[in-house]
Amino acid sequence: MGMSAGYYLASKGLHTLLIDAFDPPHSEGSHHGEPRLIRHAYSGDPVYTKLAIGAHELWNEVEQLTGESLLVQSGVLNLADSNLFSYRERIAQVEELAVHTEWLDAAEIRYRWPGLHIPDWFAAMYEPAAGYLHSEQCVKAYRKLALDKGAELLTNTAVQKVKARKDSVTVYTHNEEYHAGAAILTAGAWFSTLSPFVQLPIRAVRKTVGWFETSSPAFDSGQFPGFTLNAREGSYYGFPSIGDNGLKIGRHDTGTSWLPGEPLASFGSYAEDEADLRHVLEKYMPEAAGRLKRGAVCKYEISPDENFIIDRHPVHPHVWVAGGFSGHGFKFSSVVGKLLADLIADGQTSYSIQPFSLARFNDQSDIT
Ligand SMILES: Cc1cc2nc3c(=O)[nH]c(=O)nc-3n(C[C@H](O)[C@H](O)[C@H](O)COP(=O)(O)OP(=O)(O)OC[C@H]3O[C@@H](n4cnc5c(N)ncnc54)[C@H](O)[C@@H]3O)c2cc1C
């Protein structure tokens, strides 16, 4: 989020300083272990679908600017046990926003993707224009674009404290202080380290993902789509085998809390890290349940309602906070960076950010 905001700020001619505790892309936060799904068809408030469409356009723009291939339009198949969940309503909602989806019954799903062994009571919403992003390449691309536009980047430099006055912000690192007219805080899983300046209701959670050997070309990229799966076993998502990587699968629900400063247990520290993923593969995609080729751990930063937080600091309106991306934010990072830069430089954005306001947590957030 920060790297993208940095590019759009610098491209508006603003003197831009980016500060990161590590050297992005890195494996300490939420963006590594690519790829990431980019879906357009969100339910509920149409703001997500509108943002996803805008984000997709910007990713295409970044591809053109850098010559990098970042977004693969593989299609995304959203599978669900019909006893638990139906996509019918969402299909109707997003049709109004010109997002094309298909409702598929189990027989059609098995016919199109023979690697899927799903029972008759499953159905799916298929999004042909959706796909996945090479997230680490995306961060690299925005980093390059931001620096090319004149932004400065301090890596391996943690912000230790933030202070604000009426029209200025001061950011303190271990040996320096930096003064600015405005600031954007995008601290991911580390927002609590910026307390007491900002205290957001965000819980960081350890997440695991695995790449499994496949024994059928049915799971190869070009054949198999990105997917989500809502079943009795839980809520999962995954990707085709890209190159020789194996099919990637992760679980969206569950996860153990993590606090900044604590070590993050590596993949395999708990038997369920692999077992939980393997169990679902054995049941629904048995030819993708081969040897574990690689496992990784990553962090979600979850807001209480799993909706984003994008708002002004209530006491210091020239400071913006963007966090709580709750395991579904990456696809939006292009458009979130752009809208934050628009808000700072022009005082407005064409997107509604009202659903992301801090006011919805009035009795839970404590901002000083
Ligand atoms: C396993 C997994 C799978 C996911 N799958 C998807 C998906 O399929 N689709 C999707 O859209 N999203 C997905 N997400 C979510 C998405 O990756 C995140 O929402 C997104 O990366 C959040 O971006 P961010 O910039 O807020 O956080 P990060 O990418 O973690 O960046 C935060 C940055 O802030 C820096 N920082 C923090 N504190 C400080 C400080 N005090 N001083 C200086 N720097 C600091 C960190 O070093 C870091 O670089 C997934 C996440 C995970 C973990």
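Quick note: structure is the one above.
Please read all numbers here as calculations on a predicted model, not as lab measurements. (Residues numbered from 1 in each chain as written. Predicted model: local features only at pLDDT ≥ 70, side-chain atom pairs only at ≥ 80, totals over all residues. Heavy atoms only, no water.)

Trainee: I tried to follow the site of the ligand on my own but got confused; where do I start?
Mentor: Neighbouring residues of the ligand: 31 residues in total, closest Asp 20, His 26, His 31, Leu 37 and Cys 298. Within the backbone of Gly 327, an N or O atom sits 3.3 Å from a nitrogen atom of the ligand. Between the ligand and the protein, one listed contact pairs an oxygen atom with a backbone N or O atom of Gly 329 at 3.2 Å. Against a free-state accessible area of 1000 Å², the protein chains account for coverage of 95% of the ligand. With four residues, the single largest contributor to the shell around the ligand is strand E18 (residues 292–302). Tallied by class, the residues present in the shell around the ligand amount to 15 nonpolar, 11 polar and five charged. A domain-level breakdown of the shell around the ligand finds at least three residues from each of domain 1 (1–61 + 132–202 + 303–368) and domain 2 (76–128 + 203–302). (Near = heavy atom within 4 Å. Polar contact = N/O pair within 3.5 Å; in protein donor to acceptor, adjacent residues only side chain to side chain. Areas by Shrake-Rupley, 256 points an atom, 1.4 Å probe, with all protein chains shown as cover. Helix = DSSP H or I, 4+ residues; strand = E, 2+ residues; numbered from the N terminus. Nonpolar A, V, L, I, M, F, W, Y, C, P; charged D, E, K, R; others polar. Domains from an automatic or database assignment.)

Trainee: Would you explain the sheet that holds strand E12 (residues 183–185) in this entry?
Mentor: Strand pairs in the sheet, formed through backbone hydrogen bonds, run parallel or antiparallel to each other. Read from one edge to the other, the open sheet built from three strands follows the order E12-E20-E19, with strand pairing classed as mixed. Of all the strands in the sheet, the pair left with one neighbour each is E12 and strand E19 (309–312). For this sheet, the mean angle separating the axes of adjacent strands, direction not counted, is 15 degrees. Relative to strand E20 (residues 319–323), E12 is paired through three bridges, and the arrangement is parallel. Each bridged residue has a counterpart across the sheet, and for Ile 184 the counterpart in E20 is Trp 320. Strands E12, E19 and E20 of the sheet are contacted by helix H7 (residues 333–346), whose axis makes an angle of about 170 degrees with E20. (Pairing = 2+ DSSP bridges. Axes fitted to C-alpha atoms, helices over the stretch in contact; angles between N-to-C directions. Contact = heavy atoms within 4.5 Å.)

Trainee: What is the right way to look at the state of the cysteines in this model?
Mentor: Per the counting criterion, the structure on display carries zero disulfides. Cys 138 takes part in no disulfide bond, and the closest cysteine sulfur to it belongs to Cys 298, at a distance of 14 Å. When its relative accessible area of 1% is taken as the criterion, Cys 138 is described as buried. (Disulfide = S-S within 2.5 Å. Buried < 20%, exposed > 50% of the residue type's maximum accessible area, 1.4 Å probe, protein only.)

Trainee: Honestly, helix H1 (residues 2–11) in this entry has me stumped. Any pointers?
Mentor: Since the α-helix packs 3.6 residues into each turn, any two residues three or four apart lie on the same face. Of all 10 residues in H1, eight are buried, a share of seventy percent or more. Along H1, the positions that sit buried rather than exposed are Met 3, Ser 4, Ala 5, Gly 6, Tyr 7, Tyr 8, Leu 9 and Ala 10. In this structure, the buried residues of H1 make contact with strand E1 (17–19), helix H2 (47–66), helix H5 (135–148), strand E8 (152–154), E12 and H7. Looking one or two residues beyond H1, the residue adopting positive phi is Gly 13, at roughly 85 degrees.

Trainee: Help me out: how do you make sense of the packing of H1 against H5 in this one?
Mentor: Helix-helix packing is characterised by the crossing angle of the two axes and by the distance between the axes. Orientation of H1 relative to H5, taken along the N-to-C sense of each, is 25 degrees, at an axis distance of 8 Å. In this view, H1 runs roughly parallel relative to H5, as classed from their interaxial angle. Our pair here, H1 against H5, has a crossing hand that is left-handed. Contacts from Met 3, Ser 4, Gly 6, Tyr 7, Tyr 8 and Ala 10 in H1 reach Val 139, Tyr 142, Arg 143, Leu 145 and Ala 146 in H5. Looking at the contact of H1 with H5, its residues break down into eight nonpolar, two polar and one charged. (Parallel < 35°, antiparallel > 145°, perpendicular 65-115°, else oblique. Left-handed = near helix turned anticlockwise from the far one by under 90°.)

Trainee: What is the right way to read the nonpolar core from this model?
Mentor: Proteins that are soluble and globular tend to have nonpolar side chains buried together. Trp 59, Tyr 142, Ile 310, Phe 332, Leu 340 and Phe 356 are the most contacted members of the largest nonpolar core, which has 44 residues in total. Residue assignment for this core shows that the elements contributing at least two residues are H1, H2, H5, E20 and H7. Element by element, the count of residues in this core is highest for H2, at eight residues. Not counting residues up to four positions away in its chain, the partners in contact with Trp 59 are Ile 38, Leu 70, Leu 71, Leu 133, Cys 138, Tyr 142, Phe 330, Lys 331, Ser 333 and Ser 334. The next biggest cluster of nonpolar side chains, apart from the first, holds 29 residues, and it includes Leu 77, Phe 212, Phe 227 and Ala 288. (Core = buried A, V, L, I, M, F, W, Y, C linked by side-chain atoms within 4.5 Å.)

None of the figures reported here should be taken as evidence of function without further support.
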